[in-house]
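Letter by letter, the chains look like this.
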Amino acid sequence: MTAASLALSFPESDIAQITFDTPGKGANILSSSVLEELRQILDLLSARSDLKGLVILSGKPGTFIAGADLREFVMAMPTVTPQQTAELCRRGQLLFTRLSEMAMVTVAAIDGICVGGGTELACWCDRRIMSNSERSEIGLPEVKLGLIPGWGGTVRLPRLIGLPLAVEMITSGEPVDARQALQMGLTSDVVDADRLATAAINLIRIEHASRSYLSDRARWAQPLVMEPTEQAFLGAAASAQIQQQTKGAYPAPQVALQLMLESARLDASAACEREAEQMGALFGSPVNRALLNVFFLTDRIKKDTGLSTAAVAGREIRRAGVIGAGIMGSG
């Protein structure tokens, strides 16, 4: 089955594969239409009782999924209410949750960049496997846009790698490479890119035989187990570091921290509801609007050659001079 951006195939008789490959785009993004395609495919797969596993991968070398469609967010911003934002988050959470509830092992096979909603989708799978490409990285950069992960990232990541590491990743917004992900337990293995699909299928067969993914599903649905004193120390230390880095100008990292500390005591379902509520409070704020504007301007600059016509060729630059002083000059 091939849809606009997703293709469903069966590399082996008992293994399903979903390939993300948005046509005409350099990267896969999770737009509302792509999420609807995913829902339809999961509906089809849920009706099958003969499948042992599902592999999710990208048809674009060097990129897995580069997050949600931010332009859809911006278009909705003038009219959407906090309650509607929370409801949209809940829809995404419930869709991704299905990956952790299917009657088969689900594995995300990641080659290249995996950030934002792509990371959340991967985290809802039973297992993740990454390529050893220099481009392979996984992260949740939402705080850099004045937001928090809204499709289960603040819930699922702490349960996969532990609260301290999750707090560091989410409040900083910085990604980790494949080797780091392996060390922290976020990925099960790191392999060559051309072996990624085969390794994912092998992992499915190991998990299906051992059934260990089922015990992990049950554990990850529960509250986190952490000593109150240890959690309090983590909260104080992380809050101080965030304050030092942001000077209080960016609320999202502190919101993410407090949310994770609170939701650690809840089961995964209740924690997802709290995440959606907090996203509703942040989306559309002045800080969020400003940071989204910076993001789009920066993205446009990356694509702008500075030439008014493609027929004009730029000269070779041999020297560069800086005129200015202070912060601008040193920069």
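Shown above is the structure to which this text applies.
The notes below deal with the structure included here. (Residues numbered from 1 in each chain as written. Predicted model: local features only at pLDDT ≥ 70, side-chain atom pairs only at ≥ 80, totals over all residues. Heavy atoms only, no water.)

1. Some details on the side chain of Q93
Move 1: By secondary structure assignment, the location of Q93 is in helix α3 (residues 82–97).
Move 2: For Q93, a relative accessible area of 0% puts it in the buried group.
Move 3: In terms of polar contacts, Q93 uses its side chain to reach the backbone carbonyl oxygen of C272, at 3.0 Å.
Move 4: Among the polar contacts made by the side chain of Q93, one reaches the side chain of E275 at a distance of 2.9 Å.
Move 5: Excluding its chain neighbours within four sequence positions, the residues that come into contact with Q93 are G150, W151, G152, C272, E273, E275 and A276. (Helix = DSSP H or I, 4+ residues; strand = E, 2+ residues; numbered from the N terminus. Buried < 20%, exposed > 50% of the residue type's maximum accessible area, 1.4 Å probe, protein only. Polar contact = N/O pair within 3.5 Å; in protein donor to acceptor, adjacent residues only side chain to side chain. Contact = heavy atoms within 4.5 Å.)

2. Details of the sheet that holds strand β5 (residues 105–110)
Move 1: As summarised here, the arrangement of the 6 strands in space is β1-β2-β3-β5-β7-β10, forming an open sheet in which the pairing is mixed. The strands lining the two open edges of the sheet, one partner per strand, are β1 (6–12) and β10 (189–191). Taken over all neighbouring pairs, the strand axes of this sheet differ in orientation by 25° on average, direction set aside.
Move 2: When strand β2 (residues 15–20) meets strand β3 (residues 53–58), the two strands line up parallel, connected through 6 bridges. Paired with I18 across the bridge in β3 is I56. (Pairing = 2+ DSSP bridges. Axes fitted to C-alpha atoms, helices over the stretch in contact; angles between N-to-C directions.)

3. Observations concerning helix α1 (residues 32–46)
Because an α-helix packs 3.6 residues into every turn, residues spaced three or four apart end up facing the same way.
Move 1: End to end, α1 covers 21 Å across 15 residues, agreeing with the expected 21 Å (1.5 Å per residue, within 8%).
Move 2: Along its buried surface, α1 packs onto β1, β2, β3, α3 and α4 (117–124). (Expected span 1.5 Å × (residues − 1).)

4. A few points about the side chain of N288
Move 1: Looking at where N288 falls in the secondary structure, it is placed in helix α13 (residues 286–303).
Move 2: A polar atom in the side chain of N288 sits 2.8 Å from the backbone oxygen of L145.

5. Section: the nonpolar core
Move 1: Ranked by internal contacts, the top residues of the largest apolar core, which has 80 residues, are I18, L45, L54 and L186.
Move 2: When residues no more than four places from it in sequence are discounted, the contact partners of L186 are C123, R128, I138, L157, L160, I161, M169 and A181.
Move 3: Listed in part, the 15 residues of the second largest apolar core include I15, V105, A109 and V191. (Core = buried A, V, L, I, M, F, W, Y, C linked by side-chain atoms within 4.5 Å.)

6. Quick word on the pairing of β2
Move 1: For β2, the tally of buried residues reaches 6 of 6 residues, placing the bulk of the element in the interior.
Move 2: Residues I15, Q17 and T19 point to one face of β2 and A16, I18 and F20 to the other, with burial holding for every one of them.
Move 3: Judged from the 5 bridges that link them, β1 and β2 form a sheet pairing that is antiparallel. From the neighbouring strand, S9 faces β2, where its bridge partner is Q17.
Move 4: Where β1 hands over to β2, the hairpin turn is made up of 2 residues, counted between the paired strands.

7. Let's talk about the packing of helix α5 (residues 153–161) against helix α11 (residues 252–263)
Move 1: Close contact between α5 and α11 brings their axes to 10 Å; oriented N to C, the two are set at 65°. Like other packed secondary-structure pairs, α5 and α11 cross with a definite hand, here right-handed. Counting all contacts with α5, which are made through T154, P158 and R159, the residues of α11 involved are L259, M260 and S263. (Left-handed = near helix turned anticlockwise from the far one by under 90°.)

Purely spatial values, then, with no claim about function.
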